[in-house]
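Listed below are the residues making up each chain.
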Amino acid sequence: MKVAIVGGGLAGIAAAYTLLGDPDVTEVHLLEADGGYGGRASTDTTSIPGFAFDMGAQYIQDPTLNPLTQIAKDLGFETIEEEDEYMLRVERDGEWEDVATTDEEVAAVVKSIKTSYNLAKKKPNVVVAAKPRFDTQVEMFGHATSPYGPFTESAETWQYLAADRAREGPGDGSANLFVKRGIGTLVSAYGQLLPGLHRDRYKARFGTRVTSITHSDSGVTVAYANGSVAVDACIVTVPVSVLGSGAITFEPALPAAYKNALKALRLGSYKKLALQLRVAPADIEPGTNYYLIEAEPEGVWQYYRLPHNPLVLVAHAAGDFAAALDRMEDRDVYALFKANLKEAYDNSIYYSNGKAITNWSDDPSAGGAYSYTAFIGGGPDDPDALKARSDLGVPLGKLHFAGEATNLKCYGTLQAAYFEGVRAARAILA
Ligand SMILES: Cc1cc2nc3c(=O)[nH]c(=O)nc-3n(C[C@H](O)[C@H](O)[C@H](O)COP(=O)(O)OP(=O)(O)OC[C@H]3O[C@@H](n4cnc5c(N)ncnc54)[C@H](O)[C@@H]3O)c2cc1C
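Predicted model, so just to flag it, every value in this text is computed and none were measured.

### Quick word on the pattern of salt bridges
1) Next: Taken as a whole and judged by the stated rule, the model has 13 salt bridges.
2) Next: The partner of Glu 153 in a salt bridge is Arg 165, with the nearest N and O atoms 3.6 Å apart. Pair noted here: Glu 153 is in helix α5 (residues 150-153) and Arg 165 is in helix α6 (residues 162-166), with a separation of 12 residues, a long-range link. No difference in accessibility class separates Glu 153 from Arg 165, as the two residues are buried.
3) Next: One network of salt bridges, with partners in common, ties together Glu 153, Arg 165 and Glu 168.

### Quick word on helix α4 (residues 137-145)
1) Next: Counting buried residues along α4, eight of its nine residues qualify, which places the element largely inside the surrounding structure.
2) Next: Burial in α4 covers these residues: Val 138, Glu 139, Met 140, Phe 141, Gly 142, His 143, Ala 144 and Thr 145.
3) Next: Of the surrounding elements, those touching the buried residues of α4 are β7 (85-92), α3 (104-120), α5, β18 (288-294) and β19 (299-306).

### Some thoughts on the site of the ligand
1) Next: Taken together, 40 residues lie around the ligand, and Glu 32, Arg 40, Val 210, Glu 404 and Leu 414 are the ones closest in.
2) Next: At 3.0 Å from an oxygen atom of the ligand is found a main-chain nitrogen or oxygen belonging to Ala 11.
3) Next: Take Leu 414: an N or O atom from its main chain is 2.8 Å from an oxygen atom of the ligand.
4) Next: For the ligand, the accessible surface in isolation is 1000 Å², of which the surrounding protein chains cover 98%.
5) Next: Broken down by element, the residue count for the shell around the ligand peaks at three residues, all from helix α13 (residues 414-429).
6) Next: Here the residues of the shell around the ligand sort into 20 nonpolar, 15 polar and five charged.

### What to know about the sheet that holds strand β8 (residues 95-100)
1) Next: Taken together, the seven strands give an open sheet; going across it, the order is β8-β7-β18-β19-β20-β17-β21, and neighbouring strands pair in mixed fashion. In this open sheet, the two strands that pair with only one neighbour each are β8 and β21 (351-357). Strand-to-strand, the axes of this sheet are offset by a mean angle of 25 degrees, without reference to chain direction.
2) Next: Alignment of β19 against strand β20 (residues 309-318), held across five bridges, turns out to be antiparallel. Among the inter-strand pairings, Tyr 303 is bridged to a residue of β20, identified as Ala 315.

### Some remarks on the pairing of strand β12 (residues 219-224)
Note on strand geometry: in a regular strand, side chains alternate between the two faces of the sheet.
1) Next: For β12, the buried fraction is high: five of the six residues fall into the buried class.
2) Next: Where strand β11 (residues 210-216) and β12 come together, six bridges link them in antiparallel fashion. Within β12, the residue paired with Ser 216 across the bridge is Gly 219.
3) Next: Between β11 and the antiparallel strand that follows it, β12, lie two residues.
4) Next: Here five bridges tie β12 to strand β13 (residues 227-231), and the two strands are oriented antiparallel to one another. By the bridge assignment for β13, Thr 221 is matched with Ala 230.
5) Next: Between β12 and the antiparallel strand that follows it, β13, lie two residues.

### Focus on the packing of aromatic side chains
What describes a pair of aromatic rings is the distance from one ring centre to the other and the angle between the planes of the rings.
1) Next: Enumeration over the complete set of coordinates arrives at 16 aromatic pairs.
2) Next: Ring centres of Tyr 418 and Phe 419 lie 6.2 Å apart, and the angle between their planes is 85 degrees; this geometry places the pair in the edge-to-face category.
3) Next: You can call Phe 419 partly exposed: its relative accessible area is 34%.
4) Next: Ring pairing ties together the aromatic residues Tyr 290, Trp 301, Tyr 303, Phe 321, Phe 337 and Tyr 345, which thus form one cluster.
5) Next: Over the face of the ring belonging to Tyr 345 we find Arg 89, whose NZ or CZ atom lies 4.0 Å from the ring centre.

### Quick look at the domain arrangement of the chain
1) Next: What the domain assignment reports for the chain is domain 1 (2-80 + 176-254 + 396-429) and domain 2 (81-174 + 268-362).
2) Next: A separation of 29 Å is found between the C-alpha centroids of domain 1 and domain 2.
3) Next: Each side of the interface is counted separately: domain 1 has 29 residues, and domain 2 has 30 residues.
4) Next: Between domain 1 and domain 2, roughly 2400 Å² of surface is buried when both sides are summed, and carbon and sulfur atoms account for 60% of that area.
5) Next: Listing elements by their share of the side of domain 1 that touches domain 2, those giving two or more residues are β4 (53-54), β6 (79-81) and β9 (177-179).
6) Next: Along the lines of polarity and charge, the residues of the side of domain 1 that touches domain 2 split into 14 nonpolar, nine polar and six charged.

### Let's talk about the sheet that holds β11
1) Next: Across the sheet, which stays open at both edges, the four strands sit in the order β13-β12-β11-β15 with mixed pairing between neighbours. Two strands close off the open sheet at either side, each with one partner strand: β13 and β15 (249-251). Between one strand and the next, the sheet's axes are offset by a mean angle of 15 degrees, whatever the strand orientation.

### Considerations on the packing of helix α1 (residues 10-20) against α13
1) Next: The interhelical angle for the contact between α1 and α13, taken along N-to-C directions, is 35 degrees, at an axis separation of 7 Å. Between α1 and α13 lies a crossing whose hand is right-handed. For the pair formed by α1 and α13, the contact residues are Leu 10, Ala 11, Ala 14, Ala 15, Thr 18 and Leu 19 on the first element and Leu 414, Ala 417, Tyr 418, Gly 421, Val 422, Ala 425, Arg 426, Ile 428 and Leu 429 on the second.
2) Next: Per-class residue counts for the contact of α1 with α13 are 12 nonpolar, two polar and one charged.

Cut-offs applied
Residues numbered from 1 in each chain as written. Predicted model: local features only at pLDDT ≥ 70, side-chain atom pairs only at ≥ 80, totals over all residues. Heavy atoms only, no water. Salt bridge = Lys/Arg side-chain N within 4 Å of Asp/Glu carboxyl O. Helix = DSSP H or I, 4+ residues; strand = E, 2+ residues; numbered from the N terminus. Buried < 20%, exposed > 50% of the residue type's maximum accessible area, 1.4 Å probe, protein only. Contact = heavy atoms within 4.5 Å. Near = heavy atom within 4 Å. Polar contact = N/O pair within 3.5 Å; in protein donor to acceptor, adjacent residues only side chain to side chain. Areas by Shrake-Rupley, 256 points an atom, 1.4 Å probe, with all protein chains shown as cover. Nonpolar A, V, L, I, M, F, W, Y, C, P; charged D, E, K, R; others polar. Pairing = 2+ DSSP bridges. Axes fitted to C-alpha atoms, helices over the stretch in contact; angles between N-to-C directions. Phe/Tyr/Trp six-rings, centres within 6.5 Å; stacked < 30°, edge-to-face > 60°. Lys NZ or Arg CZ within 6 Å of the ring centre and 35° of its normal. Domains from an automatic or database assignment. Buried area = accessible area lost by both parts, 1.4 Å probe. Left-handed = near helix turned anticlockwise from the far one by under 90°.

The structure is reproduced here in structure tokens:
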């Protein structure tokens, strides 16, 4: 049996390992648009010397349940537990101070979002929480630091379905793990082992953007700019934003259930930047996550120094704020963040030359960060949105869709991508 895999992120890599574990599979062709493995797990190791900047995924979440924990051990990648200290940088009466996220007023906002979520999660198509008034620091901090806020889901709480979130499985309660050399470096290294293990049956083709897929009961033909491959079955792992944009055409066209699923499944925005520091700033403790309000575009920055790399300041933005930053020039985004920090720390942050920034919204291979099921206005009785993840995961004859977005329990993560790659490969083998 010959199988094609479209996409060399963790879903594609996990599918390849699973397929090649079966001797009946004679050929596996992995077709990847970019120059290497990893997809949304990508580490920039050159912009800031000595610093592995995880541009996409950065944590091994739920490490006791996550296959990457063992993969990291097997491949000799050191991991470090994330510390969970959270502080808000707030200006009160003209003075800047750090306030714990448990601050009474902020905690009250978080509680109200939780109450709204608890009411909405049993209904099929209701948003997590209504749009808050963004006119007070307290509401903005409460929204950003809530476990239902944009930093967790990559979309705003009023944009995604509570019932989608409600079926997420419980985590393992363990601290997230950083991969010291970068989680993208780890995923890429895992993919790079494939040709050596299965030289005669495995072929990876990079810089190969798939443009059309023709499928029938007898097989699948996957076409790209300068060629095509004909196989018995195919697993498509490209992000749902890429599929929804029509960048790959299907012949015959996808049935309504898949098209509806791709209307509801979106990738939210998540932006990161890293700045090399000349001097360690005393007011930004390594290991603590700080939050700071931005006025225009309106949003909340999260920023931190890593204990194992204290001379780099990393900043994150999420949801609509990140989308707005993605529409700006990189230099303006750096300038905006630096200007805000200058004020909040009384001009006491000194930068060096190294810097790095992401823009997942504009990446033709991603089109955003990670998936959420959008409130598409169908109202509480619209069943399509809620079924979107499972509908997309149903095999369409010889064609299979897999990736973080088809997982119900831990979508939006690397472990979801891994589990879904394995699921689709096993469906083909069965
Ligand atoms: C900023 C950010 C932070 C994140 N943080 C975390 C985190 O801390 N922990 C966590 O577990 N997860 C995190 N995630 C989510 C995680 O990165 C993804 O869930 C996971 O990488 C998805 O893997 P995948 O294989 O499903 O898709 P992808 O990794 O997107 O792989 C799909 C592949 O398809 C390729 N492709 C696209 N179009 C085509 C085409 N036409 N032809 C051929 N190939 C194509 C792409 O180049 C890509 O390599 C984060 C993501 C982002 C963006």
